[in-house]
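Residue strings, one per chain:
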Amino acid sequence: INGRISRAFTAPPGTYDVYVALTERSSGGAVKPKTAVVKQEVTIPDLKSGLTTSSIIVAEHIDADTDGSRATYEQQLDDPYRLWGRRIAPATRRTFKPSETLSVLFLVYQAKPSSDDKPDVEVSYSVHLGTTNASESVRASLRPELFNATTLPLTFSLSGGDLILAGRQIALDALEAGPYRLEIVVTDRVAHTAVRRTVPFSVDGTR
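Let me sum up the structure you'll find in this document.

So, how was this worked out
- Residues numbered from 1 in each chain as written.
- Predicted model: local features only at pLDDT ≥ 70, side-chain atom pairs only at ≥ 80, totals over all residues.
- Heavy atoms only, no water.
- Salt bridge = Lys/Arg side-chain N within 4 Å of Asp/Glu carboxyl O.
- Helix = DSSP H or I, 4+ residues; strand = E, 2+ residues; numbered from the N terminus.
- Buried < 20%, exposed > 50% of the residue type's maximum accessible area, 1.4 Å probe, protein only.
- Pairing = 2+ DSSP bridges.
- Core = buried A, V, L, I, M, F, W, Y, C linked by side-chain atoms within 4.5 Å.
- Contact = heavy atoms within 4.5 Å.

**Some thoughts on the pattern of salt bridges**
- Counted under the stated rule, the structure contains seven salt bridges.
- In this structure, the salt-bridge partner of K39 is D17, at a minimum N-O distance of 3.7 Å. With K39 in strand β2 (residues 35–44) and D17 in strand β1 (residues 14–23), this residue pair connects regions lying 22 residues apart in the sequence.
- With a closest N to O distance of 2.4 Å, R189 and E122 form a salt bridge. Here R189, found in the loop between β12 (178–188) and β13 (193–203), pairs with E122, found in strand β9 (residues 121–129); they are 67 residues apart in sequence, far enough to count as distant.
- A relative accessible area of 38% places R189 in the partly exposed class.
- Each of the salt bridges in this network shares a partner with another, and the network as a whole consists of E60, R93 and E100.

Now the structure itself:
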């Protein structure tokens, strides 16, 4: 067993308590199987209120989905990290070695379509030292990702339900040990709106 259990559920926007119960398989003897219950608070945002994103997924590794087809609703429930041609193993840690990379992925929702039914979205990434906002804390800025008519497939259609899957793999070998944050800014050039997301992480200095 790899220690990972994945299951999706759907619910209206709001804050929920999610309970996961694990029970040992009965051996048929006199010893009663042990049960453990884990509680996790989950907030589901309103994805129809304007430009927004999914939670930022920090990935342990990302593999190509050899199936090549879009998952159905039922398949997505059983395999929630099968996203748009990729299979994602979420990381359970936020501390990395300098020899590793920080891999993040997320979906962009409610991008406004241009006249060709394509978005015009820019996603910028910057790495900052520390966990508080400070303009002088920038340690690295990456080339932005662009999602528009020149970068997306001809078949991409916002009205058809296609979504923007953004993400980067960031080398950490130039960073000294310490706490950092990855700042992500998603800008919709059609709607002239933007949202910001922050991912805290740390580098432990062990190569």
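**Digging into the sheet that holds strand β10 (residues 138–147)**
- Within the open sheet, the five strands sit side by side as β7-β13-β12-β9-β10. Their pairing is mixed. Where the open sheet ends on each side, the last strands, each with one partner, are β7 (95–96) and β10.

**Topic: the nonpolar core**
- By size, the foremost hydrophobic cluster in this structure holds 31 residues, and its most contacted members are L102, F106, V123, L182, I184, V186 and F201.
- Listed by contribution, the elements that provide at least two residues to this core are β8 (101–109), β9, β11 (164–171), β12 and β13.
- Among all residues touching I184, those that are not within four sequence positions of it are I56, F106, V123, S124, Y125, V195, R196, R197 and V199.
- The next biggest cluster of nonpolar side chains, apart from the first, holds eight residues, and it includes I57, A59, L83 and L107.

**Some words on the side chain of T53**
- Along the chain, the position of T53 falls in strand β3 (residues 52–53).
- Take T53: its relative accessible area is 3%, and that puts it in the buried class.
- Setting aside its immediate chain neighbours within four residues, T53 contacts L47, F106, L107, V108, Y109, V186, V195 and R197.

**Describing unusual backbone geometry**
- Although it is not a glycine, Q110 adopts a positive phi angle of roughly 60°.
- Of note, Q110 is situated in the loop between β8 and β9.
- Under the relative-accessibility criterion, Q110 is labelled partly exposed at 42%.
- Positive phi, close to 60°, is recorded for H192, a residue that is not glycine.
- By the secondary structure assignment, H192 is in the loop between β12 and β13.

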